[in-house]
Amino acid sequence: MSALDRLVALLEGAERGVALTGAGVSTESGIPDFRSPSSGLWQEHDPMEVASLEGFRREPRRFYEFWGHRFGALAGAQPNVTHHVLAKLERQGKLRAVVTQNIDGLHRDAGSETVLEVHGSYRQARCLHCGAVYSLQEMERRVKSGRLPVCDACGELVKPDVVLFGEELPPVFREAERLTERADVFLVLGSSLQVHPVAGLVAVAHRHGARVAIVNREPSPYDELAEVVLHAELGATMRAVGSRL
Ligand code: NAD
């Protein structure tokens, strides 16, 4: 039996599956990931400057220059075959939830209903002081006109609602842990599994008896916990999975 056959068999039997997705799921929608060797964003940018709470507070202009470019790439993106196959698996009753590290909103666009965005979403922003919420359109308008987005109500800086290094995860992470503990199949797609605590969900799933499968172009630190590992392109792999389920 090939690894693909074993992946299909594992998903066929799933009743309480949970998928954990990372940036690799969206590269085929034209959104660069962070850690791919030649094209990842961290090849060009220092994460501590542009993706940490400390960097944001210290140099908000620099942060927004980076995010201004990112907004553009994210806004035009469409879900790809991997997002669509995950939505189908949920409709078939095989997946309970998609836990995603992605902030791009593409799982919802593809029709997945239970999507736990454990690193937040770029589609809204929030005042660091009073918590007032701003839409993406409003943020884009301000960033494009060269102004720093500040809160209309209290004048404090407004930050995209994404989890930066140095920030706590949102309460939805607890829900992700709960579903992971109950999962019968845990499917990891397109993540380097280097960002904690989310990467630790693989060990939680394994410890609670889930059968683990990992599809990623490169090896991950959790491959040895998985019963099926495919070092392959997601598009081709998930297209094949989708056509057989
Ligand atoms: P990562 O960049 O650390 O890892 C992505 C992995 O996906 C890499 O190992 C790469 O080899 C693999 N990959 C890329 N394209 C692939 C493809 N087509 N087929 C198979 N494998 C492929 O990303 P991560 O593990 O999600 O963690 C980084 C953080 O990046 C997360 O916190 C997330 O919030 C953030 N992020 C999100 C987006 C997004 O929303 N789309 C984009 C970049 C980064």
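Residues numbered from 1 in each chain as written. Predicted model: local features only at pLDDT ≥ 70, side-chain atom pairs only at ≥ 80, totals over all residues. Heavy atoms only, no water.

### What to know about the sheet that holds strand β5 (residues 133–135)
- Strand order in the open sheet made by the three strands is β5-β4-β6, with antiparallel pairing throughout. Edge positions in the open sheet fall to β5 and β6 (158–162), since each of these has one partner strand only. Averaged over all adjacent pairs, the angle separating strand axes in this sheet is 40°, with direction ignored.
- As paired elements, strand β4 (residues 120–127) and β6 share four bridges and run antiparallel to each other. Residue pairing in the sheet places Cys127 in a bridge with Val158 of β6.
- In the packing of helix α4 (residues 60–75) onto the sheet, contacts are made with β4 and β6, and the angle to β6 comes to roughly 45°.
- With respect to the sheet, helix α7 (residues 136–144) is in contact with β4, β5 and β6, its orientation differing from that of β5 by roughly 75°. (Pairing = 2+ DSSP bridges. Helix = DSSP H or I, 4+ residues; strand = E, 2+ residues; numbered from the N terminus. Axes fitted to C-alpha atoms, helices over the stretch in contact; angles between N-to-C directions. Contact = heavy atoms within 4.5 Å.)

### Regarding the domain arrangement of the chain
- Per the domain assignment, the segments of the chain are domain 1 (1–31 + 78–119 + 169–245) and domain 2 (37–73 + 120–162).
- A straight line from the C-alpha centre of domain 1 to that of domain 2 covers 28 Å.
- On the domain 2 side, the residues contacting the eleven residues of domain 1 number ten residues.
- Regarding the contact of domain 1 and domain 2, the summed buried area is about 730 Å², with carbon and sulfur atoms giving 45% of it.
- The largest contributions to the domain 1 side of the interface with domain 2 come from Ile31, Ile103 and His119, which together make up 56% of the buried area.
- Where domain 1 touches domain 2, the interface holds four residue pairs in polar contact (both at pLDDT 80 or more).
- Residue composition of the side of domain 1 that touches domain 2, by class: four nonpolar, three polar and four charged. (Domains from an automatic or database assignment. Buried area = accessible area lost by both parts, 1.4 Å probe. Polar contact = N/O pair within 3.5 Å; in protein donor to acceptor, adjacent residues only side chain to side chain. Nonpolar A, V, L, I, M, F, W, Y, C, P; charged D, E, K, R; others polar.)

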